[in-house]
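# Working through the structure, step by step
Read off the chains here:
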Amino acid sequence: MILSRRSARMGFALTAFALLLLAPARARAQEIHFNVVPYRLDNGLKVLFLEDHSVPSVTFVTLYRVGSRDERPGRTGLAHLFEHMMFNGAKKYGPGEFDRQLESRGGTSNAGTTEDMTIYYESFPTEALEQVIDMEADRMSALQIIETSLASEREVVKEERRLRVDNMVPGAMDELLNATAYVAHPYGWPVVGWMADLDAITLEDAREFFRTHYAPNNATIVMVGDFESARTIDLLVKAFGPIGAQPPAAMVTRDEPPQRGERRALLKKAAQLPRVSVAYHVPGSDGYDLFALDLLQVMLGEGDSSRLVRSLVYDKGLATYVSVDNAWRIDPSLFVVSAEAKPGVAADRLEAALLAEIEGLAGGEVGESELRKAKNVRTVSLIRGLKTAQGKAEQLAEFEAYFGGYAKLFGAVGKYESVGVEQVKRAAARYFVADNRSVVTLVPTQEPEVSP
């Protein structure tokens, strides 16, 4: 999720969608291209404009380059806490007014936090643009951070943690898997934060975090829709221009020691069926093999004809479901495979079959048709995500954040097309090895869980 800006009236260039459907396989690496206009304010705030006057509405995305990787031990969960705090009122628009004002004009809003970023987005009729800019500038410059709002949102986040992690098997397994795979990097702690850390956050912690990370020079705005760029620049300069830049935050320690042997953990939790999750260390978004690993994700676990689904669910009848995720992250990430056993199937039997399929890729056969299918799946998914104004805004923001520039989106189809069978096999051989994996096994219990 990431954003950027520019000025002047513009229309859209033809996307690759029609070309992908009509072109032969070897000519499919057509460019996606939008007439994005970037602009930067004197305080460092970056804006990306993409005009589209086909519908009288605007999507407004604000990306802050702050996620759970920017926290410190003992104060985890701050980034996600601020996702909630940002709706609690500021100097001009008080508690609840942001959503009230937006919804009264026919708009909607939402937000999300990841390990690497926090993103806020609104969709609304064109006539509400000036007010949305005013409200976003208000909370960037003068968010209300007081004891009552901190206490209130802390309890909301704690309840969210109970719901999604403490009382949910998938969330608990993901948390333990990350904590097992990472020993030094902040990716090892959960985005939602540890419960004790949430309790420990002070008012001064919150104010310092906001002052450091919610600064214009740490943000990007992406706008897509029915607006005039030149006029909108004037509105943005008037609203955001007076907000001062802040010294950059301390650099995140990116180093994670190489894993030199398999790691294992057991999770004993009330559940009906055993589960297994396996994680392999892989490069971050600046890594050479990122797009090859995306295609391996499709080949292994997307659709009934994928290797793991076909083998474990249908042919051998060992699993009820399989999921595969090559998670995009700024720093070195994880390639995660999870499966739930069918009734009567032991976890070790499921794991053995799962690992044999994954790690057999390197030395086995990979057909051109299988790779072609994976490329088609990834490409169509990418293009479909660009059909709406919100989809375009989110993709531009995401590429801005992960790759350091929105224009990398335009070459994404070509990146997938350039991956060959040998690169896929080399990536599998490099990363899908025993010494590079961490395994978490769920052991179902029937005992009620007792909180300490």
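Residues numbered from 1 in each chain as written. Predicted model: local features only at pLDDT ≥ 70, side-chain atom pairs only at ≥ 80, totals over all residues. Heavy atoms only, no water.

Direction vectors running N to C along helix α10 (residues 290–301) and helix α16 (residues 421–431) enclose 90°, while the axes themselves pass 9 Å from each other. One finds that α10 runs roughly perpendicular with respect to α16. Touching Ala292, Leu293, Leu296 and Met299 of α10 are Gln423, Val424, Ala427, Ala428 and Tyr431, all from α16. (Axes fitted to C-alpha atoms, helices over the stretch in contact; angles between N-to-C directions. Helix = DSSP H or I, 4+ residues; strand = E, 2+ residues; numbered from the N terminus. Parallel < 35°, antiparallel > 145°, perpendicular 65-115°, else oblique. Contact = heavy atoms within 4.5 Å.)

Turning to the nonpolar core, a few remarks are in order. In terms of nonpolar packing, the biggest core is built from 73 residues, with Leu296, Leu312, Val322, Phe335, Leu350 and Phe432 touching the most fellow members. Broken down by element, this core gets its largest block of residues, nine residues, from α10. Those residues in contact with Val322 that sit more than four places away from it in its chain are Gly301, Leu308, Val309, Leu312, Val313, Val337, Ser338 and Ala339. Formed by 52 residues, the second largest nonpolar core is a distinct cluster that contains Ile145, Val192, Ala219 and Leu236. (Core = buried A, V, L, I, M, F, W, Y, C linked by side-chain atoms within 4.5 Å. Buried < 20%, exposed > 50% of the residue type's maximum accessible area, 1.4 Å probe, protein only.)

Attention shifts here to the pattern of salt bridges. Taken as a whole and judged by the stated rule, the model has 29 salt bridges. A salt bridge links Glu400 to Lys46; its shortest N-O distance comes to 2.2 Å. Here Glu400, found in helix α14 (residues 389–403), pairs with Lys46, found in strand β2 (residues 46–51); they are 354 residues apart in sequence, far enough to count as distant. By the burial criterion, Glu400 is buried, and Lys46 matches it. The salt bridge involving Arg231 is made with Glu130; its shortest N-O contact spans 3.6 Å. Separated by 101 residues along the polypeptide, Arg231 in helix α9 (residues 229–240) and Glu130 in helix α4 (residues 129–142) bring together distant segments of the chain. For Arg231, a relative accessible area of 47% corresponds to the partly exposed category. Taking relative accessible area as the criterion, Glu130 reaches 45% and is therefore assigned partly exposed. Members of the salt-bridge network, linked through shared partners, are Glu262, Arg264, Glu351, Glu359 and Arg437. (Salt bridge = Lys/Arg side-chain N within 4 Å of Asp/Glu carboxyl O.)

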